[in-house]
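# Report on the structure
The residues making up each chain are set out below.
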Amino acid sequence: MKKERYFSIGSFVAFVVFASLLLSNISTTSFFVQKQAFGLENQPQSTPFPGMNLAKPIDVWSKNGVLKTTLVADYQVGKVDNKSITAELYNGSLPGPTLHVYPGDRIELNLINNLNDPTNLHFHGFHVSPANNSDNIFLEVPPGKTQHYSVYIPKNHPLGTDWYHPHLHGLTYAQVSAGLSGLLIVEGLQKLLPKPLQNITTHNFAIRDFPFDSLFTTTYNMSNTLTGHERLIVNGEINPTINIKSGETQLWRIANIGPENYVSVGLPGHKFYIIAEDGYPVWKVRQNDTLFLPSGKRFDVLVTGAGNETFGASAATHYDPLKVVNDAFNDHPLGTVIATMKVQGNQIVKPVSIIPTTLNFRGPGQGDLSNATIAAHRVLYFSSNDRDWIYTINNKTFNPNVVNEKVKLGTVEDWKLVNLDSVQSGNAHPFHIHTNHFQVMSVNGKPYNAHGLQDTVMIPTHGNVVIRIPANDFVGKTVYHCHLLFHEDYGMMGTVEWVK
Ligand SMILES: [Cu+2]
């Protein structure tokens, strides 16, 4: 049954890289063909897949300090490209409902499992207890059962964009791929901005690949990008339109909530001002032309609609594509349009010239860890055997019954993450750890100028990253892992216990 095993992931990745290189030369043509195939010649307009009958996410807000809600994980049959697909969705929408909370709130959530397999829930980016029925990924919710989650969010919780998804070892890849993920926003980031920016319009960009070909769920192949069936979607749509006025500044929340794909995005003629990374406000605002998002990554950015002078148009409305650009990695052809910004040039807003350079945010712990006292140094070696599908950390596959690393509460540690995979393998591993955000100290031995803390970082192929992790506030056992969820399911995960 598993003849696809001969098609190793290494060679698959190599092929994708090769195919992407080819496609990068013909991106204009391929996009045109794509537009024709989807009947999108009269861009821009937001377009679900032809025949797709999946609902769009609704927004759920906390009230009086409590977010009370129910997530039902269930199958949903839909049609995409005239092919029937079976998605796995929360509450029937793709992505799942967008949950909004404030620091100090409590989440009271019922997860109803209507799937045929066990599942559970992880609150990615949350600085909360990993124990009991909080952000506990060791919980297993059997088919037909309901699990109640109570999550107490600290008053000084970081602000920004997080997300939720199943995290049951062995099934995470398949379940997230099939559609189970959604945004989880800790509100209040705008209040850190200068007054005129505190009520700006916000837009969410929940980016992921869809649909996931069921063939690949059963063969566990790396990706179905090769079928040409998979598309980058934003909030369940292909190429939605974002309205902005010339000179208007907006807050964009960009998140990669897919299971494994990389995406690098750019908005030609515009800058991204990063005010939060991985749901944590930066201490220094960084100005970027592009954003690189491996699976799990989030950026909260300020974007200002450029005036007509940038484009030489006369007081006209113009369209600027948010598109896949050449950066570290990409699984989609260069130039693929993710969303279209419609700039209304005839309604010029007086530009706000006060994009801040720093943010005043006091989160858990001490913030910038550059001068922290280091209590321990650890080294983790990441290694892939693509032929036999064995993915290890320190030569071991995941074992939920052991504790790999014990970290004392209140201390700060340096972890050197080493990727032993060859450059030819194409295996870069996005590292993610639960409960505490970390600071990147160096990449391949070069000091890294961190602008804030993060919870997801790429370990380059045949390279290394040193991260500095503070153990704040919570005790309990949780995990760190590669966020290519395929690698995670096949072993590239370890346990960490935060201890008193
Ligand atoms: Cu990996």
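Residues numbered from 1 in each chain as written. Predicted model: local features only at pLDDT ≥ 70, side-chain atom pairs only at ≥ 80, totals over all residues.

### Some thoughts on the overall build of the protein
A tally of regular secondary structure across the protein gives five helices and 31 strands. Evaluated residue by residue, the protein yields a buried proportion of 48% over its 500 residues. Contacts in the protein between residues at least 24 apart in sequence constitute 78% of all its contacts with a sequence separation of at least 6. (Helix = DSSP H or I, 4+ residues; strand = E, 2+ residues; numbered from the N terminus. Buried ≥ 20, exposed ≤ 12 C-beta atoms within 10 Å, placed from the backbone. Contact = placed C-beta atoms within 7 Å.)

### Focus: the sheet that holds strand β23 (residues 405–408)
Paired through their backbone hydrogen bonds, the strands of a sheet run either parallel or antiparallel. Ordered by their spatial adjacency, five strands build an open sheet running β23-β31-β30-β25-β28, and the pairing between neighbours is mixed. Edge strands, defined here as strands with exactly one partner in the open sheet, are β23 and β28 (456–459). Adjacent strand axes in the sheet meet at a mean angle of 25°, parallel and antiparallel pairs treated alike. (Pairing = 2+ DSSP bridges. Axes fitted to C-alpha atoms, helices over the stretch in contact; angles between N-to-C directions.)

### A short note on the sheet that holds strand β22 (residues 390–393)
Strands sit in the order β22-β21-β24-β29-β26-β27 across an open sheet of six strands; the sheet is mixed. In this open sheet, the two edge strands, each paired with only one partner strand, are β22 and β27 (446–447). Sheet topology places strand β21 (residues 374–385) next to β22; four bridges connect them, and they run antiparallel. Residue pairing for β22: S384 is matched across the bridge by Y391.

### Structural notes on the nonpolar core
Formed by 115 residues in total, the largest nonpolar core has its most connected members in I207, I254, I275, V301 and I467. Here this core takes five residues from strand β15 (residues 272–277), the largest share from any one element. Composition of this core by domain shows at least three residues from each of domain 1 (195–344) and domain 2 (374–499). In this view, I275 contacts L189, P281, V282, V285, D300, V301, L302 and L359; residues no more than four positions away in its chain are not counted. (Core = buried A, V, L, I, M, F, W, Y, C linked by C-beta atoms within 7 Å. Domains from an automatic or database assignment.)

### Structural notes on the confidence of the model for the protein
Caution is warranted with low-pLDDT regions, since their predicted coordinates should not be read in detail. For the protein, per-residue confidence averages 83 on the pLDDT scale, and 79% of positions sit at 70 or higher. Per-residue pLDDT stays below 50 along residues 217–228; that stretch engages in 27 contacts with residues further than four places along the chain or on separate chains. In this model, residues 309–314 is a region of pLDDT below 50 whose contacts with residues beyond four sequence positions or in other chains number seven contacts. (pLDDT = per-residue confidence, 0-100.)

### Some details on unusual backbone geometry
L94 connects to P95 through a cis peptide bond whose omega is -10°. Tracing the backbone shows P95 in the loop between β3 (83–90) and β4 (98–101). Positive phi outside glycine occurs at N91, with the angle close to 55°. Looking at the element boundaries, N91 is found in the loop between β3 and β4. Despite not being glycine, N394 shows a phi value in the positive range, around 50°. Along the chain, N394 falls in the loop between β22 and β23. Look at N394 and you get partly exposed, because 14 C-beta atoms sit within 10 Å.

### Let's talk about the pairing of strand β16 (residues 280–288)
Direction of pairing for β15 relative to β16: antiparallel, over a ladder of five bridges. If you follow F272 over to β16, its bridge partner there is N288. Hairpin connection between β15 and β16: a loop of two residues separates the two successive antiparallel strands, and D278 in this loop has a positive phi of roughly 50°.

### Thoughts on the environment of G144
The topology assignment puts G144 in the loop between β6 (122–124) and β7 (146–152). The spacing of G144 and N114 is 30 residues in sequence and 5.2 Å in space, taken between C-alpha atoms.

### With respect to the environment of G65
Summarising the element assignment, G65 is placed in the loop between β1 (59–61) and β2 (66–80). You can call G65 exposed: it has 11 C-beta atoms within 10 Å. Note: C-alpha distance between G65 and G104 (39 residues apart in sequence) is 7.1 Å. Other than its neighbours up to four places away in sequence, G65 contacts G104, D105 and R106.

### Structural notes on the environment of T69
Mapped onto the elements, T69 comes out in strand β2. Residue T69 is classed as partly exposed on the basis of its C-beta count, with 17 C-beta atoms lying within 10 Å. Not counting chain neighbours up to four residues away, the residues in contact with T69 comprise V60, L99 and L109.

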